[in-house]
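One letter stands for each residue in the lines below.
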Amino acid sequence: MLRLPPRPPRFDVLIALSGLLGGLLLWGLGLHTRIAAPTVPTDNSAAWTLLPLAATAGAELLRRSWTGCGLAVGTVALVADQFTVGSLATVLMYTDLVYAAALYGPPARARRLPAVTGLVTVAVTLALLAWFREPQALLVGLVVGVIFFGPATTGAMLRNHREAAAAARLRAEQTALLAEMDRVQAVTDERARMARELHDLVAGHLSAIAIHSTAALSLDDEATSRRALGVIRENSVAGLAEMRRLIEVLRAEETDAPSVAPTLDGLGTLVEQARANGLDVRRFTPPPAGPPPPAPVGLAAYRIVQESLTNALKHGAPGPVDAVLGRADGALTVRVVSPLGPPARPGPRVPGSGAGLVGMRERAELLGGSFAAGPVGGAGTGGERRGEVRAVLPLGEAEGGPRGTVSGQADDDGLGDTRER
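Residues numbered from 1 in each chain as written. Predicted model: local features only at pLDDT ≥ 70, side-chain atom pairs only at ≥ 80, totals over all residues. Heavy atoms only, no water.

Within the structure shown, the criterion is met by ten salt bridges. Residue arginine 63 is joined to aspartate 96 by a salt bridge in which the shortest nitrogen-to-oxygen separation is 2.9 Å. Taken together, the residues arginine 63 in the loop between helix H2 (50-60) and helix H3 (67-81) and aspartate 96 in helix H4 (residues 88-104) connect sequence positions 33 residues apart. Taken individually, arginine 63 and aspartate 96 each receive the classification buried, so the pair is uniform in this respect. Note that arginine 159 is salt-bridged to glutamate 163, the shortest N-O span being 3.2 Å. One end of the pair, arginine 159, and the other, glutamate 163, are both in helix H7 (residues 149-218), four residues apart, so they sit about a helical turn from each other. Owing to a relative accessible area of 12%, arginine 159 belongs among the buried residues under this scheme. Classification of glutamate 163 as partly exposed rests on a relative accessible area of 42%. Among the charged side chains, a salt-bridge network with shared partners connects Asp12, Glu60, Arg63, Arg64 and Asp96. (Salt bridge = Lys/Arg side-chain N within 4 Å of Asp/Glu carboxyl O. Helix = DSSP H or I, 4+ residues; strand = E, 2+ residues; numbered from the N terminus. Buried < 20%, exposed > 50% of the residue type's maximum accessible area, 1.4 Å probe, protein only.)

Before going further, it helps to spend a moment on the sheet that holds strand S5 (residues 386-394). Pairing is mixed across the open sheet formed by five strands, whose spatial order is S1-S2-S3-S5-S4. Every other strand in the sheet has two partners, leaving strand S1 (281-285) and strand S4 (370-375) as the edge strands with one partner each. When the angles between neighbouring strand axes are averaged without regard to direction, this sheet yields 10°. Looking at chain direction, strand S2 (residues 321-328) and strand S3 (residues 331-339) are connected through seven bridges and run antiparallel. What sits directly across from arginine 327, in S3, is leucine 332. The sheet strands contacting helix H9 (residues 267-276) are S1 and S2, and the helix crosses S1 at an angle near 175°. Most of the contacts of helix H10 (residues 295-315) go to S3, to which it runs at about 5°, and overall it touches S1, S2, S3 and S5. (Pairing = 2+ DSSP bridges. Axes fitted to C-alpha atoms, helices over the stretch in contact; angles between N-to-C directions. Contact = heavy atoms within 4.5 Å.)

The next point concerns helix H1 (residues 10-29). Compared with the 28 Å implied by 1.5 Å per residue over 20 residues, the 28 Å span of H1 between its first and last C-alpha is a close match. Tucked into the core, H1 has its buried residues touching H2 and H4. (Expected span 1.5 Å × (residues − 1).)

The element S2 is largely enclosed, with a buried count of six among its eight residues. Sheet topology note: the S1/S2 ladder contains four bridges and is parallel. Within S2, the residue paired with arginine 283 across the bridge is aspartate 322. Note that the unit made of S1, H10 and S2 has a crossover that is left-handed. Hairpin connection from S2 to S3: two residues lie between these consecutive antiparallel strands, with aspartate 329 at a positive phi of about 55°. (Right-handed = clockwise from strand over helix to strand, strands pointing away.)

Contact pair H2 / H4: the axes reach a minimum separation of 9 Å and the direction vectors enclose 25°. Classified by the angle between their axes, H2 and H4 sit roughly parallel to one another. With respect to the hand of their crossing, H2 and H4 are arranged in left-handed fashion. Every residue of H4 that contacts H2 at Pro52, Leu53, Thr56, Ala57, Ala59 and Glu60 is listed here: Ala89, Thr90, Met93, Tyr94, Asp96 and Leu97. When the residues that make up the contact of H2 with H4 are grouped by side-chain class, the tally is eight nonpolar, two polar and two charged. (Parallel < 35°, antiparallel > 145°, perpendicular 65-115°, else oblique. Left-handed = near helix turned anticlockwise from the far one by under 90°. Nonpolar A, V, L, I, M, F, W, Y, C, P; charged D, E, K, R; others polar.)

Buried within helix H6 (residues 137-147) we find Ala137, Gly141, Val144, Gly145 and Ile147. The buried residues of H6 occupy an angular sector of 160° when the element is viewed end-on, so they sit on one face. Structural note: H6 exposes Leu139, Leu142 and Val146 on the side pointing more than 90 degrees away from its buried face. (Arc of directions from axis to C-beta.)

If you want it as structure tokens, here you go:
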């Protein structure tokens with residue numbers, strides 16, 4: 001089935017109409033490209049030039065859609081025009097067809113057309129020199145180059161520039177997309193980090209406030225209530241101070257932002273605060289003497305101890321709590337052991353969201369370490385169930401290091417995942 005060409009653009013129709021009208025005007029004025037008599041003399045020889053003119057104008061309508069067909073029709077019309085008195089409009093429209101074939105045609109044709117037209121120009125020039133044996137034949141060859149080689153080269157160069165510009169735009173769009181993905185990832189990571197910091201800052205204080213306020217409301221004893229209210233006030237003030245420092249960091253410029261990241265030197269104060277909140281921390285072993293760990297490692301260890309003590313206060317059973325830090329094999333080990341409460345302990349409970357275990361696991365993994373939380377094999381003194389939180393944090397630069405393992409089942413030390421304690 002014959003496929004018709006698509007509707008030509010308005011600009012192509014304008015070019016064809018302008019070329020046709022211009023050729024008719026030149027023909028009416030008697031302006032032709034050949035001064036000598038035409039090759040095919042007739043009584044009305046000038047009228048024959050209108051046929052190539054009309055064919056070339058029709059080919060202009062195909063300059064974008066069917067570039068090969070339009071160029072072929074234009075070539076036949078140009079050759080036919082040489083046997084008449086000739087029309088300048090036909091020649092000009094043909095140069096546009098050559099230009100359009102290089103610009104809008106298939107890539108292979110755009111690559112070959114300058115070379116083909118260059119060879120045609122050289123061949124015609126040599127043939128004219130051999131035929132006429134006059135230097136003026138070089139001028140005719142120059143005209144042939146202007147008609148064939150010039151438009152083809154111009155169209156190919158413009159096409160290359162357009163393709164290069166399109167490739168540059170594509171690279172810019174891809175770069176912008178990657179930058180946006182990096183920005184979204186950075187925002188997500190920062191939000192996750194802020195969520196961990198905010199949870200660790202306020203969870204312990206709010207848990208102590210909730211537990212002691214419950215005790216003050218449930219016990220009808222003035223002394224106990226006063227002690228509970230004192231603990232509530234201390235934790236409220238401390239929590240507000242830490243929140244204020246965090247807000248100052250968020251509002252301050254990067255150059256003068258105050259540092260609120262705790263270090264391992266503050267673990268003693270943290271343990272004393274946990275004891276004041278009612279937690280029985282019997283054994284606390286700070287890390288052994290040596291060079292201080294990198295700031296990210298120290299912060300992660302502090303937060304893991306802090307969250308472990310908070311969980312023991314919120315969900316653990318009464319009993320001794322051990323917090324031990326040590327160094328082994330180029331890593332800082334954190335181990336917190338506390339009594340486990342029954343799954344359905346009577347009395348008021350402080351709800352847990354599971355964010356604490358998630359935050360501790362993320363801190364260890366980001367440093368290339370390992371984290372595990374679960375019941376310890378066997379029972380403690382008196383037969384109570386005990387649970388352990390254990391983290392191993394490498395002391396080297398953790399970025400790009402191996403990913404840590406998170407225990408989901410019982411491992412070699414008898415640990416497994418457990419609920420938020």
